Protein chains: 2
Amino acid sequence: MTVPPHVMRELQDILGPEAVLSQPEELITYSYDATWAEGIPDVVVNPTTTEQVAAVLRIADRERIPVVPRGAGTGLAGASVPQGGIVLNLARMNRLREISPEDMVAVVEPGVVNQTLQEALQPYGLMYPPDPASLYMSTIGGNVATNAGGPRCLKYGVTKDYVMGLEVVLPGGQVLRTGGRQIKNVTGYNLTQLFVGSEGTLGVITEITLRLIPAPAARATVMAAYARLEDAAETVNAILSEGILPLTTELMDQACIRAVERKLQMGLPTEAEALMLIAVDGEPEAVHAQIRRVAEVCRRMGADPVEMATTPEEEERLWIARRSVSPALALIKPSRLTEDIVVPRSKIPAMIRRIQAIAREYDVMIPTFGHIGDGNVHPDIMCDRRDPEEMRRVALAAQAVFEATIELGGTLSGEHGIGLLKREFLPKELGPLAIEKMLAIKKVFDPNGIMNPGKVFPKEMEIGE
Amino acid sequence: MTVPPHVMRELQDILGPEAVLSQPEELITYSYDATWAEGIPDVVVNPTTTEQVAAVLRIADRERIPVVPRGAGTGLAGASVPQGGIVLNLARMNRLREISPEDMVAVVEPGVVNQTLQEALQPYGLMYPPDPASLYMSTIGGNVATNAGGPRCLKYGVTKDYVMGLEVVLPGGQVLRTGGRQIKNVTGYNLTQLFVGSEGTLGVITEITLRLIPAPAARATVMAAYARLEDAAETVNAILSEGILPLTTELMDQACIRAVERKLQMGLPTEAEALMLIAVDGEPEAVHAQIRRVAEVCRRMGADPVEMATTPEEEERLWIARRSVSPALALIKPSRLTEDIVVPRSKIPAMIRRIQAIAREYDVMIPTFGHIGDGNVHPDIMCDRRDPEEMRRVALAAQAVFEATIELGGTLSGEHGIGLLKREFLPKELGPLAIEKMLAIKKVFDPNGIMNPGKVFPKEMEIGE
């Protein structure tokens, strides 16, 4: 027990007894994320205001108690999994404070669910582009803490491209405001972007100012099947060379196609090496012209068949295949290790071939899908955690995937973060100097190392203890 | 003299004697930027490689000699003006190392001129969006160090949105690599964005990896004259509500219109309170549809006349008015203080009215123009530096402009930086906590305070000495 009784009483005084959870059955609800990592907190607090968060961080810093900020727990890196200490659950700070169509910004509390924001923006004809697959559950605070991506990033960028300003509570309880509501701002260092993607290791984000864009009026999709994987990858470049920046360029490899077809029996081409879903959006006139050119490019690159969808209903039919990848894979094996690598777009075919070779070498199944336009693919190493011998091969395969990624000039995480599960690989990608500077920056904000310890940085490099 | 003879010899050994300048007539060339700030360096070095930059920073850090990195010296905040010490001129590090159409990235040395890059990209059908007015002279390194903007930012964002990775030499000579060539990257803290806009106070950028986008195929412009300033500002929101994200929304106030008309006699409406130039770009089909809708909106908001240009020749004729603002103002008074404020878009009319009131109060002329879609306007306080009484009023007017900006929720600098000229105003905008953290971060990278001292932060807050 790292939280002594007098601290429990203090927390109850500040937050009210109903907002401080410490029963085992309550704690277990906050012990996991969307990975298999687990850890029980000593206490869960549910603040509703910045002042309450500040009070909690003042106590925690004084008592040197670890604090793990938590959104919806949909993370895929173990970043919000506690190892004792206080879980600071931000789900109740879920007010949409402001939508300003004039300034095209939204000001939200961290617990606002991504989809809730999307729906609130519709009447204004505005859009917040980042749309991680978890958007129906995951919170904007969590999205910011992990710099979440999604399929639309090739065209619209990732979460960081939309965060204009933050309110952050620092260990000790000081409240820092960064950025503002301006696209242009060169006033001192960019502290905002330090917090984006910092996975709760620097402070607790309590308010977020987001840039919005006008919602595009139209969208259309092409689904194209390829006998050769390389031709699918080449298609992305061919489309870009036409001056078209697609909304999405989703790829499913053969293992994914077969898994989905087994589940849905929708007549997918199971002999194809790759299936691509390419969407464009914008003004109706341009969308219609562009999607026809996209279909032509796909055919020219050898795709067959090529299907085009220009109405929401037709599109829905095509997208169901892509959205069924995860549930379909779940039918094959009880567990999987979802990787999140990014390589330069030109290296996508080489990377997927390497993944296939690694799967053969370690005798594991690794279906791969992802957003190849931005180089981000998710090789899912299928496994059964009850089989220790298989788990040993899974761990070796994961290591081999990371090594291949770094060799091809890539990065370990595109949109999920480093968290608990990838931290030992960080030095290999970044080298000692970058990590030394990052740790020194952490010390500037969190001198006692209370913020989400054990995450991002390898264990031996941590502050404190 | 802060650079002792043995250091001069060391610099000559490393760089070759011809790359080390110390004659008064040579030094004076590096004593100013595009403001009236001035300061003579002790020595100017012209490195051509990262290794040479590292050697210079090793010596400078050991000897505690200030280093001022310099691009083309087109800055508008005094950030590259030395106060003794070493000027590190990066103009000769001007190789375009790579253009990858496949990955849509360019890798450049800091001395590459913005326009040189733009031209090199044309054959690939690619574009690097940031286009500061100085693009024919200013360097990418300088653009990154000041997070430069330009008229296209409303649609395409600023320099920071295109910087994917950096190579930076730190004081002491260590070489840090940040980011990579991926749009998606959540691997540790975002060090890249710390350096963007840091005005040479943290290290020397020696290589930049830039994100590129497909060049849009078509463009069109509307020029609209407004009897009432408020109607011009309202037009931007009305266009955005139509779901159109314009490329540019440039505004000239009456003082600018009259100055240009006096110079060019091109028949501009000198009784109009505001003239707007609104451009859209994209697919030809969409551009033609959009520009007609833009013209309609302008008319609906009371603009008269409204001119439309859809060919490059017609567009050129309209844009000449906007591009002549600076030269036309130069005919009115010998000098001017060019401000660079940003306010929320909804506050633009209020801000311009405040500027007009300030001009009356202090009896100075303040023509205002700018990129109102992103809230960034440039009030130019006209002056004659030989008239000390006027200069006193100019300083008071500048202070009043800053205070109004902060009151309206704005920021001191949108695209020029803080440098030497605005540093005393920084605490008012950011508050003590943010500045304390920024200075602690500076100390992480530059413990001896040799990098561009006297810039960004107020004098009494500096590290060292």
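Residues numbered from 1 in each chain as written. Chains lettered and ligands numbered in written order. Predicted model: local features only at pLDDT ≥ 70, side-chain atom pairs only at ≥ 80, totals over all residues. Heavy atoms only, no water.

Q: What is the right way to look at the interface of chain A and chain B in this model?
A: How large an interface is tends to be reported as the accessible area lost when its parts come together. Tallying the contact residues gives 80 residues for chain A and 81 residues for chain B. Here chain A meets chain B over a buried area of about 6600 Å², counting both sides, of which 61% is carbon and sulfur. Scanning the region where chain A abuts chain B turns up six salt bridges. Between Lys184(B) and Glu415(A) there is a salt bridge, and its shortest N-O distance comes to 2.9 Å. At the surface where chain A touches chain B, the tally comes to 29 residue pairs in polar contact (both at pLDDT 80 or more). Secondary structure elements with two or more residues in the side of chain A that touches chain B: helix H6 (153-156), strand S9 (175-179), helix H7 (191-195), helix H8 (229-241), helix H10 (284-300) and helix H15 (426-445) of chain A. At 12 residues, the largest contribution of residues to the side of chain A that touches chain B is made by H15(A). Residues belonging to the side of chain A that touches chain B are distributed by class as follows: 35 nonpolar, 27 polar and 18 charged. (Contact = heavy atoms within 4.5 Å. Buried area = accessible area lost by both parts, 1.4 Å probe. Salt bridge = Lys/Arg side-chain N within 4 Å of Asp/Glu carboxyl O. Polar contact = N/O pair within 3.5 Å; in protein donor to acceptor, adjacent residues only side chain to side chain. Helix = DSSP H or I, 4+ residues; strand = E, 2+ residues; numbered from the N terminus. Nonpolar A, V, L, I, M, F, W, Y, C, P; charged D, E, K, R; others polar.)

Q: Is there a simple way to think about the environment of Lys443(A) in this case?
A: Relative to the helices and strands, Lys443(A) is located in helix H15. Here the alpha-carbon distance between Lys443(A) and Leu202(A), two residues 241 residues apart in the chain, equals 8.6 Å.

Q: Would you explain the relation of the copies chain A and chain B in this entry?
A: Turning one copy of the chain about an axis and sliding it along that axis gives the other copy, so a rotation and a shift relate them. Relative to chain B, chain A is turned by 180 degrees and slid 0.0 Å along the rotation axis, the superposed coordinates differing by an RMSD of 0.0 Å. Between the two chains, the operation in question is that of a two-fold axis. (Least-squares fit on C-alpha atoms with pLDDT ≥ 70 in both.)

Q: When you look at the sheet that holds strand S8 (residues 163-169) of chain B in this model, what are you seeing that I'm missing?
A: Residues and elements named next belong to chain B. Strands sit in the order S5-S6-S10-S8-S9 across an open sheet of five strands; the sheet is antiparallel. Of all the strands in the sheet, just strand S5 (96-100) and strand S9 (175-179) have a single pairing partner and so form its edges. Direction aside, the axes of adjacent strands within the sheet are offset by 10 degrees on average. In terms of strand pairing, strand S6 (residues 105-108) meets strand S10 (residues 204-211) through four bridges, oriented antiparallel. Bridge pairing links Val108 to Ile208 in S10. Its contacts with the sheet put helix H3 (residues 50-63) on S5, S8, S9 and S10, and the angle it makes with S8 is roughly 50 degrees. (Pairing = 2+ DSSP bridges. Axes fitted to C-alpha atoms, helices over the stretch in contact; angles between N-to-C directions.)

Q: Just to check I follow, could you spell out the packing of helix H8 (residues 229-241) of chain B against helix H13 (residues 348-361) of chain B for this structure?
A: In a packed pair of helices, the relevant descriptors are the angle between the two axes and the axis-to-axis distance. Residues and elements named next belong to chain B. Two elements in contact, H8 and H13, have axes whose closest approach is 9 Å; the angle formed by their N-to-C orientations is 150 degrees. Classified by the angle their axes make, H8 and H13 are roughly antiparallel. Judged by the twist between their axes, the crossing of H8 over H13 is right-handed. Contacts between H8 and H13 involve Leu229, Glu230 and Ala233 on the former and, on the latter, Ile348, Pro349, Ile352, Arg353 and Gln356. (Parallel < 35°, antiparallel > 145°, perpendicular 65-115°, else oblique. Left-handed = near helix turned anticlockwise from the far one by under 90°.)

Q: Got a minute to help me understand the pattern of salt bridges in this structure?
A: Scanning the entire structure with this criterion turns up 75 salt bridges over all chains. Taking the shortest distance from any N to any O, the salt bridge between Glu390(B) and Lys333(B) comes out at 2.6 Å. Of this pair, Glu390(B) sits in helix H14 (residues 388-407) while Lys333(B) sits in the loop between helix H12 (325-330) and strand S16 (335-338), and the two are 57 residues apart along the sequence. Salt bridges linked by common partners bring Arg95(A), Arg97(A), Glu109(A), Glu167(A), Arg177(A) and Glu207(A) together as one network.

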